[in-house]
Amino acid sequence: MVPDRPKPETPKTVSSLTEDMAGQDYILSDGLAVSLFLALRRQRPLFLEGEAGVGKTEVAKTLAALLGRRLIRLQCYEGLDIAAAAYEWNYARQMIEIQSAGQGRLSSAELFTAENLIERPLLEALRADEAGAPVLLIDELDRADEAFEAYLLEILSDWQVTIPEFGTVAAATPPIVIITSNRTREIHDALKRRCFYHWVDYPSLEDELAILKRRAPEAPADLSEHVVRFVHKLRDANLFKAPGVAETIDWAQALVELDCVAIDPAQADSTMGVLLKYQDDIARITGSEAARMLTEIQAEMSGYRTG
Ligand SMILES: Nc1ncnc2c1ncn2[C@@H]1O[C@H](COP(=O)(O)OP(=O)(O)OP(=O)(O)O)[C@@H](O)[C@H]1O
Ligand SMILES: [Mg+2]
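To keep things clear, this report deals only with the structure shown in the data block. (Residues numbered from 1 in each chain as written. Chains lettered and ligands numbered in written order. Predicted model: local features only at pLDDT ≥ 70, side-chain atom pairs only at ≥ 80, totals over all residues. Heavy atoms only, no water.)

**A short note on the sheet that holds strand S9 (residues 196–200)**
Note on sheets: strands pair through backbone hydrogen bonds, and any given pair is parallel or antiparallel. The strand order across the open sheet formed by five strands is S2-S5-S8-S1-S9, and the pairing between neighbours is parallel. The open sheet has two free edges, formed respectively by strand S2 (71–75) and S9, since each of these has just one partner strand. Mean inter-strand twist for the sheet, computed between neighbouring axes without regard to direction, equals 20°. With four bridges joining them, strand S1 (residues 46–50) and strand S8 (residues 176–181) adopt parallel strand pairing. Paired with Leu48 across the bridge in S8 is Thr180. Its contacts with the sheet put helix H2 (residues 30–42) on S1, S8 and S9, and the angle it makes with S9 is roughly 155°. Together, S1, S2, strand S5 (135–139), S8 and S9 form the strand contacts of helix H3 (residues 56–67), whose direction differs from that of S8 by roughly 165°. (Pairing = 2+ DSSP bridges. Helix = DSSP H or I, 4+ residues; strand = E, 2+ residues; numbered from the N terminus. Axes fitted to C-alpha atoms, helices over the stretch in contact; angles between N-to-C directions. Contact = heavy atoms within 4.5 Å.)

Written out as structure tokens, the structure reads:
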């Protein structure tokens, strides 16, 4: 007999949620911890907006791992429709059933059955398993068309999908829903109203150091601090595209590959393509600007500040 494994419980306090997520290598900012905690407790979708690479998608993945739930991910794109997002009828199977029964012998109730229904992520997310309701990640909603947003309203407020030929499929337990957007367009108020909202900002120095400790443990503490301080300066430099947390991790790992202990200007220049992905930004930073930032960092880290 397989012994019952205890089901992970939803954290009871904000601080236990923060701790548990850190145990899964995700560092929650104080603000996100409160929003996520409330979304879980109040069973409301959490709508996360923010720049690229600040950890929006990762929240949902980590939460699913933490709670031992299935992660169901719906990646949005232009032209995403109900057939790809919610359900589709298995026409091939229906055709075979019609042919074997003989023309006109099957009623629509016999054709539009649960067996002939192909579940896509939104419908799948209404079904809980032994571990509980799944985590539904609706990723990059701003890429989908507005009509699709309207379609989501029924699911997000009533936890159900209406299928005209079949009926209404409702969730016994609501899924945990995380919606993300990179804000390439505004999401409609009607949808936002059904969610708790949080703007995911770049992490503080301390939080980003803690992230590196977990995600790039091979980087020595001193190098990590150089990396994080440098990235923070880049984020203040009014670039076309500032580096996200993913780039911070990549840079630390790249510098370890190159056996760096502290960063010198030449190394910063030659690895800038790990951090910045636009040539105009790279041209602005490499050379004297990177050297100036590194000198400032050196001064900050040895305890006194320049100008
Ligand atoms: N708070 C955090 N704690 C731990 N790791 C983090 C955190 N934030 C970001 N990361 C790391 O950064 C990577 C990028 O995060 P993620 O893919 O979630 O960003 P995103 O906000 O969804 O970006 P995009 O808008 O480009 O999809 C993650 O794989 C993770 O390794
Ligand atoms: Mg993402």
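Anyway, onward from the coordinates.
**Considerations on the nonpolar core**
One finds Tyr87, Leu122, Ile138, Leu141, Phe148, Leu152 and Ile179 to be the most contacted residues of the largest nonpolar core, which totals 35 residues. Every element with two or more residues in this core is listed here: S2, strand S3 (87–89), helix H7 (121–124), S5, helix H8 (146–158), strand S6 (160–163) and S8. At five residues, the largest contribution of residues to this core is made by H8. In contact with Phe148, not counting residues within four places along its chain, are Leu74, Cys76, Leu80, Ala85, Leu122 and Leu141. Leu212, Leu275, Leu276 and Met293 belong to the second-largest nonpolar core, a separate cluster that totals 31 residues. (Core = buried A, V, L, I, M, F, W, Y, C linked by side-chain atoms within 4.5 Å. Buried < 20%, exposed > 50% of the residue type's maximum accessible area, 1.4 Å probe, protein only.)

**Considering the environment of Leu153**
Tracing the chain through its elements places Leu153 in helix H8. C-alpha separation for the pair Leu153 and Thr248, spaced 95 residues apart in sequence, amounts to 36 Å. Beyond its immediate chain neighbours, meaning those up to four positions away, Leu153 contacts Ala190, Leu191 and Arg194.

**Structural notes on the layout of surface pockets**
Take a probe with the size of a water molecule and roll it over the atoms, and the empty space left behind shows itself. Put simply, the largest pocket is a space of about 570 Å³. Tyr26, Gly53, Val54, Gly55 and Lys56 are, among the 32 residues lining the largest pocket, the residues nearest its centre. For the lining of the largest pocket, the elements supplying multiple residues, two or more each, are H3, S9, helix H10 (205–215) and helix H12 (245–257). By residue number, the principal contributor to the lining of the largest pocket is H3, which donates four residues. The residue makeup of the lining of the largest pocket, split by class, is 14 nonpolar, eight polar and ten charged. The computed volume of the second largest pocket comes to approximately 270 Å³. (1 Å grid on protein atoms, 1.4 Å probe; cavity = no way out; pocket = protein on both sides within 12 Å on 5 of 7 lines; lining within 4 Å. Points joined across faces, edges and corners; volume = space filled by probe spheres on them. Nonpolar A, V, L, I, M, F, W, Y, C, P; charged D, E, K, R; others polar.)

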